[in-house]
Amino acid sequence: MDRYGELLEKLIKVTHATYDFDRKEYAGIVREICESYNICKGVAEFYQNKTMEQRGQGDVYCDYDNGKGEKQLFEIRVVTKTKAVVKGSLYVEKDEPERDARTLYELHMLLSLILSFMSFRRLQHVVEMFGFYDEKHYPNFRSFTRYLDLADIDKTLDGKMIFHFDMHNFTIVNQEIGRNNGDKVMRNYYNTISELIGDEGIICRLGGDKFIGVFPEKVKERLFEIFRGEPVGFGDISGRRVVVSAAAGVYVLPPSFVLVSYGEIMDKIIMSSTIAKRKNEGAVVIYDQELENMNKRTKWVQRKFRDALADEEFKAFYQPKVDVNTNEMIGAEALCRWFHEGGIIPPMEFIPILEQGMDICDLDFYMLDRVCKDIHRWIEEGKKVVKVSVNLSRKHLVDVDLLSHIMEIIDRNNTPHEYIEIELTETTTDVQFRDLKRVVTGLHREGVSTAVDDFGIGYSSLNLIREIPWDVLKVDKNFLPLDDEGSGSTTSVMFNHVISMAQDLGMKCVVEGVETEKQIELLKKNNCRIAQGFFFDKPLPVEEFEKRLENKHYT
């Protein structure tokens, strides 16, 4: 075989190596080429960009080195279209004579082909990392869907379970031990689960402290123990550990499961994990028939909502607020009722569903508009009008223009500001607290009354009423002592002090859920004048409420 034939054979060998890469076979080909050309060492380098090249942050490969390469024969440097830098160098012995042009040409050709192959392989890895891993090098959602696709094709999903979990209060963990240590804790928690699942499943990060994955049924009990709480170290010399738990939703794949859509799976596990978050720390909720029915109901509500809003199926009902000393109605709260196909859908069957997204905000604005229209009409008709409170979901606080949106609705309907009260609930984060303060302060400036709703049912601090200029504090019915509770009970003592504190701060108090004569007497005893509850009236449709406006006194 002549020299050109030998060169062609080498080129073919290198090319074939790109089809079905075998590291040992490839290294053997490189060795054969180097020895046939008397090359002592061959080095290939790959950098994702020029900056990383300058920093020396890349991958360096040396598949042949006989220890005698002291002189660089030549170097090839290529910048790809993706701005990656690929370099190759060949080394010979120190006293090696100059090579002829033909030999150098052949070596250039062979090294260029090897670099092209190496660059292709390395870029494949980079694409894999960017496409299937996040910035922290956790497998991402694409890794999860790819696993499902391949397992579905291979029919290996039988007996598997799918999970979604949020690490419990991980923001607090980061605050307590620092973000760097928090990252180590997250990685170690992830590794614990990943090692447990092994090759029979996968765990991927959706973002933040949210993870998703697949696991075999046989590790279920141990995995649930990890979700309920697992001591996790963060790698410092003290050996300190923190207990990490998670709220997890689990979907058991049925026998002979066939993958139809990722969305169907995501709906089930996210719904389950959302319910788990409302339970105790470390709760695990398995998707079952009850949740299946809830899921169908959720989709039905979300599907029907827009048309129902356009068709004005949502009606404002008004529950009176009564002065317990005079039995006179002095205000009301607007409550939403959904009339659909001749029936009424209870609020608890649609409000929590709408609060899962931003639909609740559209409903709130719709209700505010209806109330403003009713108040304007009552004034035009010469009726005696009372202040009406309208609830706004916490979801509104992401709207930087919330104040202007509220005032636009009120002023568009020519509603006197003194007849509207906006009820807002307690917040859970510093950001929401700042937004809440800004909105309440703005409404106060506009002469629109504000009430903190369900006070005492959450866990927020007293800063809520210290720093925000509320007009009214609404005490949740769970704070109201039952008839058989004595004056020394914990609930009674707390109730007395909450009422006293609010009054000392110049706030009016409204107690919700008042149902008995004894509770009325308790309000009078604590000088709390305003009650709302079934003792006086249930929420009334507008026609009945208008009759109540004509005679505000209860006998």
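Owing to the predicted nature of the structure, the values given are computational and were not obtained by experimental measurement. (Residues numbered from 1 in each chain as written. Predicted model: local features only at pLDDT ≥ 70, side-chain atom pairs only at ≥ 80, totals over all residues. Heavy atoms only, no water.)

### Some details on the overall build of the protein chain
A tally of helices and strands in the protein chain yields 18 helices and 21 strands. For the protein chain, the spread of C-alpha atoms along the principal axes amounts to about 115 × 50 × 50 Å. Counting over 555 residues, the protein chain shows a buried share of 47%. Partitioning the contacts of the protein chain with sequence separation of at least 6, the portion at a separation of at least 24 is 66%. For the protein chain, the computed accessible surface area is about 29000 Å², with 50% contributed by carbon and sulfur atoms. (Helix = DSSP H or I, 4+ residues; strand = E, 2+ residues; numbered from the N terminus. Buried < 20%, exposed > 50% of the residue type's maximum accessible area, 1.4 Å probe, protein only. Contact = heavy atoms within 4.5 Å. Areas by Shrake-Rupley, 256 points an atom, 1.4 Å probe, with all protein chains shown as cover.)

### Some thoughts on the confidence of the model for the protein chain
One rule of thumb: low pLDDT means the predicted coordinates there are not for detailed reading. The predicted model of the protein chain has a mean per-residue pLDDT of 86, with 90% of residues at 70 or higher. The least confident element of the protein chain is helix α1 (residues 3-17), whose mean pLDDT is 55; the most confident is helix α13 (residues 402-412), at 97. (pLDDT = per-residue confidence, 0-100.)

### Digging into the sheet that holds strand β3 (residues 71-79)
Strand order in the open sheet made by the 4 strands is β2-β1-β4-β3, with antiparallel pairing throughout. Each having just a single partner strand, β2 (59-65) and β3 make up the two edges of the open sheet. On average, adjacent strands in this sheet sit at an angle of 15 degrees to one another, irrespective of strand direction. Note: β3 against strand β4 (residues 85-92), 8 bridges, orientation antiparallel. Paired with Q72 across the strands is Y91, a residue of β4. (Pairing = 2+ DSSP bridges. Axes fitted to C-alpha atoms, helices over the stretch in contact; angles between N-to-C directions.)

### Digging into the nonpolar core
Ranked by size, the top nonpolar core spans 81 residues in total, and within it F314, Y318, F350, L363, W470 and L473 carry the most contacts. If near-sequence neighbours (up to four positions away) are discounted, L473 is found in contact with V452, F455, I465, V498, A502, M507, K508, C509 and V510. Counting 29 residues, the second largest nonpolar core, distinct from the first, contains M167, I193, I197 and F224. (Core = buried A, V, L, I, M, F, W, Y, C linked by side-chain atoms within 4.5 Å.)

### Points about the sheet that holds strand β5 (residues 160-167)
Overall, mixed pairing links the 5 strands, which are arranged β6-β7-β5-β10-β11 in an open sheet. Edge positions in the sheet fall to β6 (202-207) and β11 (284-286), since each has one partner strand and no second. The mean angle between the axes of side-by-side strands here comes to 20 degrees, regardless of whether they run parallel or antiparallel.

### Looking at the environment of P481
Take P481: it is sitting in the loop between β18 (472-475) and α16 (490-504). Distance from P481 to T491, taken between C-alpha atoms, is 5.7 Å for residues 10 residues apart in sequence. Here P481 is in contact with T491, S492, F495, Q519 and L522, once residues within four sequence places are set aside.

### Comments concerning the pattern of salt bridges
Considering all chains together, one arrives at 38 salt bridges under this definition. The network of salt bridges with common partners includes K321, E333, E421, E423, K474 and E512. (Salt bridge = Lys/Arg side-chain N within 4 Å of Asp/Glu carboxyl O.)

### A closer look at the pairing of strand β17 (residues 449-455)
When you tally the buried positions in β17, you get 6 out of 7 residues, the bulk of the element. When strand β16 (residues 420-425) meets β17, the two strands line up parallel, connected through 5 bridges. The partner of E423 across the bridge, within β17, is A451. With 3 bridges connecting them, β17 and β18 associate as parallel partners.

### Structural notes on the pairing of β4
Burial analysis of β4 places 8 of its 8 residues in the buried class, which makes it a mostly covered element. Where strand β1 (residues 41-47) meets β4, 7 bridges bridge the pair, whose relative direction is antiparallel. What sits directly across from G42, in β4, is L90.

### Some points on helix α8 (residues 220-228)
Among the residues of α8, those classed as buried are K220, L223, F224, I226 and F227. Along the long axis of α8, the arc covered by the buried residues comes to 155 degrees, so they all point the same way. A positive phi of about 155 degrees marks G229, the residue just after α8. (Arc of directions from axis to C-beta.)

### Here's the deal with the packing of helix α6 (residues 170-177) against helix α7 (residues 179-197)
Closest axis-to-axis distance for the α6/α7 pair is 7 Å, and the angle between their directions is 130 degrees. Relative to α7, the element α6 is oriented oblique. Our pair here, α6 against α7, has a crossing hand that is right-handed. Contacts between α6 and α7 involve F170, N174 and I177 from the former and R179, N181, G182, D183, V185 and M186 from the latter. Class assignment of the residues belonging to the contact of α6 with α7 gives a composition of 4 nonpolar, 3 polar and 2 charged. (Parallel < 35°, antiparallel > 145°, perpendicular 65-115°, else oblique. Left-handed = near helix turned anticlockwise from the far one by under 90°. Nonpolar A, V, L, I, M, F, W, Y, C, P; charged D, E, K, R; others polar.)

### Points about the packing of aromatic side chains
Summed over the entire model, instances satisfying the criterion amount to 25 aromatic pairs. Each member of the aromatic cluster is reached from another via a ring pair, and the members are Y138, F163, F165, Y189, Y190, F211, F215, F224 and F227. Seen from the ring of Y251, K268 lies directly overhead, with NZ or CZ sitting 5.5 Å from the centre. (Phe/Tyr/Trp six-rings, centres within 6.5 Å; stacked < 30°, edge-to-face > 60°. Lys NZ or Arg CZ within 6 Å of the ring centre and 35° of its normal.)

### Focus on unusual backbone geometry
In this structure, E312 is a non-glycine residue whose phi angle is positive, near 55 degrees. You can see E312 is positioned in the loop between α10 (289-310) and β12 (314-323).

### Focus on the packing of α7 against α8
At a minimum axis separation of 10 Å, α7 and α8 run at an interaxial angle of 170 degrees. On the basis of their axis angle, the class for α7 and α8 is roughly antiparallel. Every residue of α8 that contacts α7 at Y189, T192, I193 and L196 is listed here: R222, L223, I226 and F227. Looking at the contact of α7 with α8, its residues break down into 6 nonpolar, 1 polar and 1 charged.

### Concerning the side chain of E421
Within the secondary structure, E421 is located in strand β16. You can call E421 buried: its relative accessible area is 5%. Reaching out from E421, the side chain makes a polar contact with the side chain of K321 at a distance of 3.3 Å. Look past the residues within four positions of E421 in its chain and what remains in contact with it is K321, K387, V388, S389, V390, S449, T450, A451 and V472. (Polar contact = N/O pair within 3.5 Å; in protein donor to acceptor, adjacent residues only side chain to side chain.)

### A few points about the state of the cysteines
A covalent bond between the sulfur atoms of two cysteines is what we call a disulfide. Counted by the stated rule, this structure contains 0 disulfides. Unpaired in this structure, C34 has its nearest cysteine sulfur neighbour in C62, at a distance of 8.6 Å. What makes C34 buried here is its relative accessible area of 5%. This cysteine, C528, is not joined by any disulfide, and C509 carries the nearest cysteine sulfur, 5.0 Å off. (Disulfide = S-S within 2.5 Å.)

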